[in-house]
Amino acid sequence: MRDTVNFSPPINLYDAVDQTELRILLIDGDWGVRRSFNQIGIQPGDHIRVLRRAPFGGPLVIDNQGTQVAVGKTLAEQIRVEVLL
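Attention here is on the structure that accompanies the text. (Residues numbered from 1 in each chain as written. Predicted model: local features only at pLDDT ≥ 70, side-chain atom pairs only at ≥ 80, totals over all residues. Heavy atoms only, no water.)

1. Description of the overall build of the protein
Applicable threshold: In this description a helix means any DSSP run of H or I spanning at least four residues, a strand means any run of E spanning at least two, and both kinds are numbered starting from the N terminus. Relative accessibility decides the category of a residue: with a 1.4 Å probe and only protein chains considered, values under 20% of the type maximum give buried, values over 50% give exposed, and everything between is partly exposed. Two residues qualify as a contact provided that any one of their heavy atoms is within 4.5 Å of a heavy atom in the partner residue. Only the protein chains shown count as cover for residues, with accessible areas throughout obtained via the Shrake-Rupley method and a probe of 1.4 Å. The positive count covers Lys and Arg only, the negative count covers Asp and Glu only, and His and the chain ends enter neither. Throughout, a charge is located at the NZ atom of Lys, the CZ atom of Arg, the CG atom of Asp or the CD atom of Glu.
When its secondary structure is counted, the protein shows 2 helices and 6 strands. Each helix and strand of the protein, ordered N terminal to C terminal, gives the series β-β-α-β-β-β-α-β. With the principal axes as the frame, the protein shows a C-alpha extent of 30 × 30 × 25 Å. Within the protein, buried positions represent 34% of all 85 residues. Partitioning the intrachain contacts of the protein with sequence separation of at least 6 by distance along the chain shows that 62% fall at a separation of at least 24. In the structure as shown, the protein presents an accessible area of about 5200 Å², 54% of it carried by carbon and sulfur atoms. Of note, the protein has its 9 positive side-chain charges centred 3 Å away from the centre of its 10 negative side-chain charges.

Here it is in structure tokens:
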């Protein structure tokens, strides 16, 4: 059973603020979208951190296990995450 004290309600990755520690819950989309994320090493269960976001709806830069990855807004909106408190 999940301890609700340590986790927040799910949000999409694009709504996360800079320097937030997150855990990926779900990647929405068809098999092509999930495959794209798998190829860059992003999978459900991973712990990531939002490093910075570009202004005006640009991509997010996230840290995934020491690797920095830029994720565009459309794709970031398809990733459901929870904030690790």
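Let's pick the thread back up.
2. Considerations on the pattern of salt bridges
Stated formally: Here, a salt bridge means any side-chain nitrogen of Lys or Arg that lies within 4 Å of a carboxyl oxygen of Asp or Glu.
Tallied over the full model, the rule gives 3 salt bridges. Of the charged contacts in the structure, one is a salt bridge between R49 and E21, with a shortest N-O distance of 3.5 Å. Of this pair, R49 sits in strand β3 (residues 47-53) while E21 sits in strand β2 (residues 21-27), and the two are 28 residues apart along the sequence. Given the relative accessible area of 24%, R49 is considered partly exposed. When the shortest N-O distance is used, the salt bridge between D28 and R80 registers 3.0 Å. Of this pair, D28 sits in the loop between β2 and α1 (31-39) while R80 sits in strand β6 (residues 79-83), placing them 52 residues apart in sequence.

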